[in-house]
Amino acid sequence: MKIILFFIALICPLSGFADTADTSVTKRSANAYILTPAYATNIGLFNTAKGVVLIDPMPGENQLEALSAQVKSIFAKQVTYILNTHEHSDHSGGNAYFIAAGSELIQSTAAFADFDSMTVKSHTANDAIFVHKPSNTIFVGDIYTTNWHPTFYAGGVAGFVAAVDTILNLGDENSLIVPGHGKPTDKQQLKLFRQNTLQWVAQVKVLHDQGLTVSEIKNNAEIQRILSKFNPEHKTDFIPQPAVERFIERTLTVIEKGV
Ligand SMILES: [Zn+2]
């Protein structure tokens, strides 16, 4: 089956998204859209028999007004239900805005024929994965990112691998995998992400066992090479140095916990 993706740059003078530059809109079907603001959270918009479902509204007054206008321009309806892949504010900070406008926050998609959902423990202790079956679109939250390093701090390596396996077992080879942040991709890219993550953990462990400090690990050529694999778009200002050190420290915490 040939999947056609429409990447349309949003140019709207009244839109707050215009302030945040290149938001892209991926149209999966007449009832399924993904909004991808640069450097921000991927947002899902799905029209169902029970109303419009919004996944992961990010905070920010201007963005939310723009998002609300966007929903109305796409579906000519307001948001009926809100879902969050996890509780972090960059995925749930817009809940209150839509609740105030009459939307309902729901924890499960059990009442929707169009969705499957499951929870795993990887980025947080309660990561939800949402599958929109008619459009073959899988929202995976921050289990997976395509513009940042992996963040498997709640589930450790075992939780991360189990979460990725869960995702890979959903949908089919044409499923669109929507990460929490960064461009949506496919299962091949997710498999590479898993492989790169395991290489990263193994290399941090090797260097730590050799007695290297966090700063020395950060400057290790192999570490730099693996880190660059999490930057498939080759952004020049990919991850600031202090964030790389924090990533190494948190990886060591996961290794010491032995999970
Ligand atoms: Zn996030």
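## Description of the environment of Ala163
With respect to the helices and strands, Ala163 occurs in helix H4 (residues 156–168). Ala163 sits in the buried class, given a relative accessible area of 0%. Taking the C-alpha atoms as reference, Ala163 lies 7.2 Å from Ile143; in sequence the two are 20 residues apart. Apart from the residues within four sequence positions on either side, Ala163 is in contact with Val120, Ser122, Ile129 and Ile143.

## Here's the deal with helix H8 (residues 241–257)
For H8, which comprises 17 residues, the first-to-last C-alpha distance of 25 Å matches the rise-based estimate of 24 Å (1.5 Å per residue) to within 8%. Looking at the buried side of H8, the elements it contacts are H4, helix H5 (187–209), helix H6 (214–219) and helix H7 (221–228). Downstream of H8 by a residue or two, Gly258 has a phi angle that is positive, lying close to 70°.

## With respect to the coordination of the zinc ion
At 2.0 to 2.2 Å from the zinc ion lie its protein donor atoms, namely Asp90 (OD), His91 (NE2), Asp142 (OD) and His181 (NE2). Between the donor residues of the zinc ion, the gaps in sequence give the motif D-H-x50-D-x38-H. Of this pair, His91 sits in helix H2 (residues 89–92) while Asp142 sits in the loop between strand E10 (137–139) and H4, placing them 51 residues apart in sequence. Here His91 and Asp142 have matching classes, each one buried.

## Some thoughts on the sheet that holds strand E11 (residues 176–178)
One open sheet accounts for four strands, arranged E8-E9-E10-E11; its pairing is mixed. A single partner strand is all that each edge strand has here, and the edge strands are strand E8 (115–120) and E11. In this sheet, adjacent strand axes meet at a mean angle of 15° when their direction is disregarded. Here three bridges tie E10 to E11, and the two strands are oriented parallel to one another. Residue pairing for E11: Phe139 is matched across the bridge by Val178.

## Quick notes on the pairing of E8
Bridge analysis of E8 against strand E9 (residues 127–132) gives six bridges, and the strand direction is antiparallel. The residue bridging Thr119 from the neighbouring strand is Ala128, located in E9. What sits between E8 and E9 in their antiparallel hairpin is a turn of six residues.

## Quick word on the packing of H4 against H5
The N-to-C vectors of H4 and H5 enclose an angle of 170°; their axes lie 11 Å apart at closest approach. Overall, the two elements H4 and H5 adopt an arrangement that is roughly antiparallel. Side by side, H4 and H5 meet where Val157, Phe160, Val161, Val164, Asp165, Ile167 and Leu168 of the first sit next to Lys187, Leu190, Lys191, Phe193, Arg194, Thr197, Leu198 and Val201 of the second. A breakdown of the residues in the contact of H4 with H5 according to their chemical character gives 10 nonpolar, one polar and four charged.

## Comments concerning the pattern of salt bridges
All chains considered together, the criterion is met by seven salt bridges. With a shortest N-O distance of 2.9 Å, Lys205 and Asp209 are connected by a salt bridge. Of the two residues, Lys205 and Asp209 are both situated in helix H5; the distance of four residues between them amounts to about one turn of the helix. Given a relative accessible area of 38%, Lys205 falls into the partly exposed group. Assessed through its relative accessible area of 53%, Asp209 is described here as exposed. Two residues, Glu233 and Lys235, come together in a salt bridge whose shortest N-O distance is 2.6 Å. Lys235 sits in the partly exposed class, given a relative accessible area of 22%. Among the charged side chains, a network of salt bridges with common partners joins Lys183, Glu233 and Lys235.

## Describing the packing of H5 against H7
It is the contact of H5 with H7, at a shortest axis distance of 10 Å, that shows an interaxial angle of 160°. Taken as axis vectors, H5 and H7 run roughly antiparallel relative to one another. Both H5 and H7 take part in a crossing whose hand is left-handed. Here H5 contributes Asn196, Gln199, Trp200, Gln203, Val204 and Leu207 to the contact with H7, which in turn contributes Glu222, Ile223, Arg225, Ile226 and Leu227. Looking at the contact of H5 with H7, its residues break down into six nonpolar, three polar and two charged.

Conventions adopted
Residues numbered from 1 in each chain as written. Predicted model: local features only at pLDDT ≥ 70, side-chain atom pairs only at ≥ 80, totals over all residues. Heavy atoms only, no water. Helix = DSSP H or I, 4+ residues; strand = E, 2+ residues; numbered from the N terminus. Buried < 20%, exposed > 50% of the residue type's maximum accessible area, 1.4 Å probe, protein only. Contact = heavy atoms within 4.5 Å. Expected span 1.5 Å × (residues − 1). Donors = N, O, S within 2.8 Å, 3.2 Å for Na, K, Ca; no water. Pairing = 2+ DSSP bridges. Axes fitted to C-alpha atoms, helices over the stretch in contact; angles between N-to-C directions. Parallel < 35°, antiparallel > 145°, perpendicular 65-115°, else oblique. Nonpolar A, V, L, I, M, F, W, Y, C, P; charged D, E, K, R; others polar. Salt bridge = Lys/Arg side-chain N within 4 Å of Asp/Glu carboxyl O. Left-handed = near helix turned anticlockwise from the far one by under 90°.

Honestly, that's just the spatial picture; any functional story needs more than this.
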